[in-house]
Amino acid sequence: MKISYQDLRNKTVVITGASSGVGLATAEAFARAGCKLILASRGEEALNNAVERCRALGAQSLGVPTDVSEYEHVENLVNRALEFTGSIDYWVNNAGVMASGKFEEIPIEVSHQVVKTNLFGYMNGAHAVIPVFKRQGYGVLINNVSIGGFMPAPYSAVYSSTKFGIKGMMECIQGELSDEADIHVCNLYPQIQRSTGNMHSAKYSGLDFKIPPSAADPKDTAKALLNLALNPKKDKFPDFNSWALKTMHDIFPKLLVNTASAGMRVLMKLKDGAPTDGNVLRPSGFPHRIYGETLLPVPSKRTKLVLGLGVLAAVGLIFAGKRG
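Notes on the structure in this doc start here. What you see is a predicted model, and the numbers here were worked out from it, not measured in a lab.

**Observations regarding the packing of helix α1 (residues 21–32) against helix α2 (residues 44–56)**
- Between α1 and α2, the shortest axis-to-axis distance is 9 Å and the interhelical angle comes to 25°. Between α1 and α2, the angle falls in the class roughly parallel. Where α1 crosses over α2, the two elements pack in a sense that is right-handed. On the side of α1, the interface is formed by Leu24, Ala27, Glu28 and Ala31, while α2 contributes Ala50, Arg53 and Cys54.
- Class assignment of the residues belonging to the contact of α1 with α2 gives a composition of five nonpolar, no polar and two charged.

Written out as structure tokens, the structure reads:
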């Protein structure tokens, strides 16, 4: 049976981390599809802005200030969603934070909160919504995991641990729900995003990177999350670059991680920016929008594809040479 976005009309979706970046792009994507939205984030001003943007697109929308690291907040989010529409069709776990720098130089309270927001936040969402799905007999839990679930981000040890943890946790839950034909747990593994996430992150490396132009468009990632609601799959890479990065790490894990770490070490010696805890311990500051600042002009999708194919071909030649 052919599925269209019309199948989403009047469905209820809860989206965490919805006030900026991929979360805001996802909220707008579901709004355009005609869904009823319950949006969650810590910052009330940014959340109100997201709600108004979705209402302007014609969607019934409710904002619920929520810290996903606190289970009581997530329980309240579930209850408010059920009061708003009576059911929850889709739940998008998206809220996340990041801290980069030398592991031992990142304050332990910052690292603890990265775990609480990322890993506990996804755990809290799943734990609170799965009983609702079971009572209804249907529902789709969609996790925006990141390619970090397969390969570590250099000098982001705790962030990487949360993404590996989310992947393992959700794979186990998928098994537990394998006898529930109409309840699905879907994991998306996108690459670095051209979003505000980098601008809001905690930095203890002295570096304040602009986003590389090869980063993915948050609206494309939002579309991939939307498509998982329509056509649930356990695991999905939204674009070629995400799959290629994962494949390269599978083939040359030490080479890829050590090279990226060495590059970071060189850059950290050249920079000496002030440390910042970003949005880890407090709500995201301005800007509250989808796109962040890029280092260079963004290339076309065709150019990105050609570059990606070139990198993969080079890796294939190296691998073939090693085997020969």
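Alright, that's what it looks like, and here's the rest.
**Considerations on the pattern of salt bridges**
- Within this structure, the stated rule accounts for eight salt bridges.
- Of the charged contacts in the structure, one is a salt bridge between glutamate 171 and lysine 167, with a shortest N-O distance of 2.9 Å. Here glutamate 171 and its partner lysine 167 are both found in helix α5 (residues 157–176), four residues apart, which amounts to about one turn of the helix.
- Classification of glutamate 171 by relative accessible area gives partly exposed; the value is 36%.
- Residue classification places lysine 167 among the buried residues on the basis of a relative accessible area of 16%.

**A few points about the nonpolar core**
- Within the largest apolar cluster, 34 residues are counted, with the highest numbers of intra-cluster contacts made by Leu8, Val13, Ile15, Phe30, Leu37 and Leu39.
- At the level of elements, β1 (12–16), α1, β2 (36–41), α2, β4 (90–93), β6 (139–144), β7 (183–188) and α7 (218–230) are the ones that each hand at least two residues to this core.
- Ile88, Leu119, Ile130 and Tyr189 belong to the second-largest nonpolar core, a separate cluster that totals 32 residues.

**Some points on a nonpolar patch on the surface**
- On the surface, Val266, Leu267 and Leu270 cluster together to form a nonpolar patch covering roughly 290 Å² of accessible area.
- Look at leucine 267 and you get partly exposed, because its relative accessible area is 33%.

**Considerations on the packing of α1 against α7**
- Here α1 crosses α7 at 50°, and the two axes come no closer than 8 Å. One finds that α1 runs oblique with respect to α7. For α1 against α7, the interelement crossing comes out right-handed. Seen from α1, the contacting residues are Val22, Ala25, Thr26, Ala29 and Phe30; seen from α7, they are Pro218, Lys219, Thr221, Ala222, Leu225, Leu226 and Ala229.
- Along the lines of polarity and charge, the residues of the contact of α1 with α7 split into nine nonpolar, two polar and one charged.

**Section: the pairing of β4**
- Of the two faces of β4, the one lined by Tyr90 and Val92 and the one lined by Trp91 and Asn93 are each fully buried.
- Sheet topology note: the β1/β4 ladder contains three bridges and is parallel. Counted as the bridge partner of isoleucine 15 is valine 92 from β4.

Cut-offs used in this document
Residue numbers here run from 1 along each chain, matching the order of that chain's written sequence. Given that this is a predicted model, residues contribute local features only at a pLDDT of at least 70 and side-chain atom pairs are listed and counted only at 80 or more, while totals for whole chains, interfaces and linings are drawn from all residues. The side-chain figures draw on all heavy atoms in the structure; neither hydrogens nor water molecules are used. Angles run from 0 to 180 degrees between N-to-C directions of axes, and those axes are lines fitted to C-alpha atoms, restricted for helices to the stretch in contact. Each helix is a run of DSSP H or I of at least 4 residues and each strand a run of E of at least 2, with the numbering of both proceeding from the N terminus. Roughly parallel means an angle under 35 degrees; roughly antiparallel means over 145; roughly perpendicular covers 65 to 115; every other angle is labelled oblique. Helix crossings get a hand from a simple test, with the near helix turned counterclockwise from the far one by less than a right angle marking a left-handed crossing and a clockwise turn marking a right-handed one. Here, residues are in contact when the closest pair of their heavy atoms is within 4.5 Å. Each residue gets one label: Ala, Val, Leu, Ile, Met, Phe, Trp, Tyr, Cys and Pro are nonpolar, Asp, Glu, Lys and Arg are charged, and the others, such as Gly, are polar. Salt bridge, as used here: a side-chain nitrogen of Lys or Arg that lies within 4 Å of a carboxyl oxygen of Asp or Glu. Relative accessibility decides the category of a residue: with a 1.4 Å probe and only protein chains considered, values under 20% of the type maximum give buried, values over 50% give exposed, and everything between is partly exposed. We call a set of buried Ala, Val, Leu, Ile, Met, Phe, Trp, Tyr and Cys residues a nonpolar core when their side-chain atoms join them within 4.5 Å. Put simply, a patch holds well-exposed residues, over 30% relative accessible area, that have no salt bridge, with like charges counted together within 9 Å and Val, Leu, Ile, Met, Phe, Trp or Tyr side chains within 5 Å. Working definition of accessibility: Shrake-Rupley area with a 1.4 Å probe, residue cover restricted to the visible protein chains. In this description, strands pair whenever DSSP reports at least two bridges between them.

Fair warning: the whole summary comes from geometry, so function is off the table for now.
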